[in-house]
Amino acid sequence: QLVESGGGLVQVGDSLRLSCAASGDAFNMYIMGWFRQAPGKEREFVAAISWTWGVPNYTDSVKGRFTISRDNAKNTVYLGMNNLTPEDTAVYYCAAGRKFGSRSVEGYDYWGQGTQVTVSS
């Protein structure tokens, strides 16, 4: 129901764009978010956007570098990532939920399988 793509191995300062295609019940949620989980760490909020208003919400560490956007016609949400650093290395997960403004894992009902992003120095 949520399928991510676009991860990979990049160098410091490079860019990537992740995609998340929504279908089924996940598509009927109000909010789409991106989370990430680095080895040995908890899953953390990265960014979110609503299907209707498109107002983005970012965690402080990615503001100015990452851009979340959506294409309602394609049922797809994107995460553009610029100026990547080794601290951005993680598995990135797409999520869908009903709670506007939620930044917690508990606020999302559907999850993708994750896509690995590795930033090499």
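Structure's up top.
Presented here is a report on the structure given in the accompanying data block. (Residues numbered from 1 in each chain as written. Predicted model: local features only at pLDDT ≥ 70, side-chain atom pairs only at ≥ 80, totals over all residues. Heavy atoms only, no water.)

1. A word on the state of the cysteines
Rule in force here: The disulfide criterion is simple: two cysteine sulfur atoms within 2.5 Å. For helices the rule is a DSSP run of H or I covering at least 4 residues; for strands it is a run of E covering at least 2, with both sets numbered from the N terminus onward.
Counted according to the given criterion, the structure contains one disulfide. A sulfur-sulfur separation of 2.0 Å characterises the disulfide bridge that pairs cysteine 20 with cysteine 94. Around the S-S axis, the bridge from cysteine 20 to cysteine 94 shows a dihedral of about -75° and counts as left-handed. Highlighted residues: cysteine 20 in strand E3 (residues 16-22) and cysteine 94 in strand E9 (residues 90-97), separated in sequence by 74 residues.

2. Regarding the pairing of strand E11 (residues 115-120)
Stated formally: Relative accessibility thresholds used throughout: buried, under 20% of the residue-type maximum; exposed, over 50%; partly exposed, between the two (1.4 Å probe, protein chains only). Pairing between strands is defined by DSSP: at least two bridges between them are needed.
Side chains Thr115, Val117 and Val119 of E11 all project onto a buried face; the interleaved residues Gln116, Thr118 and Ser120 project onto a face where none is buried. Relative to E11, strand E2 (residues 8-11) runs parallel, the two being bridged by four bridges. Bridge pairing in E11 links leucine 9 to threonine 118. Judged from the three bridges that link them, E9 and E11 form a sheet pairing that is antiparallel. When the sheet's bridge partners are listed, tyrosine 92 is paired in E11 with threonine 115.

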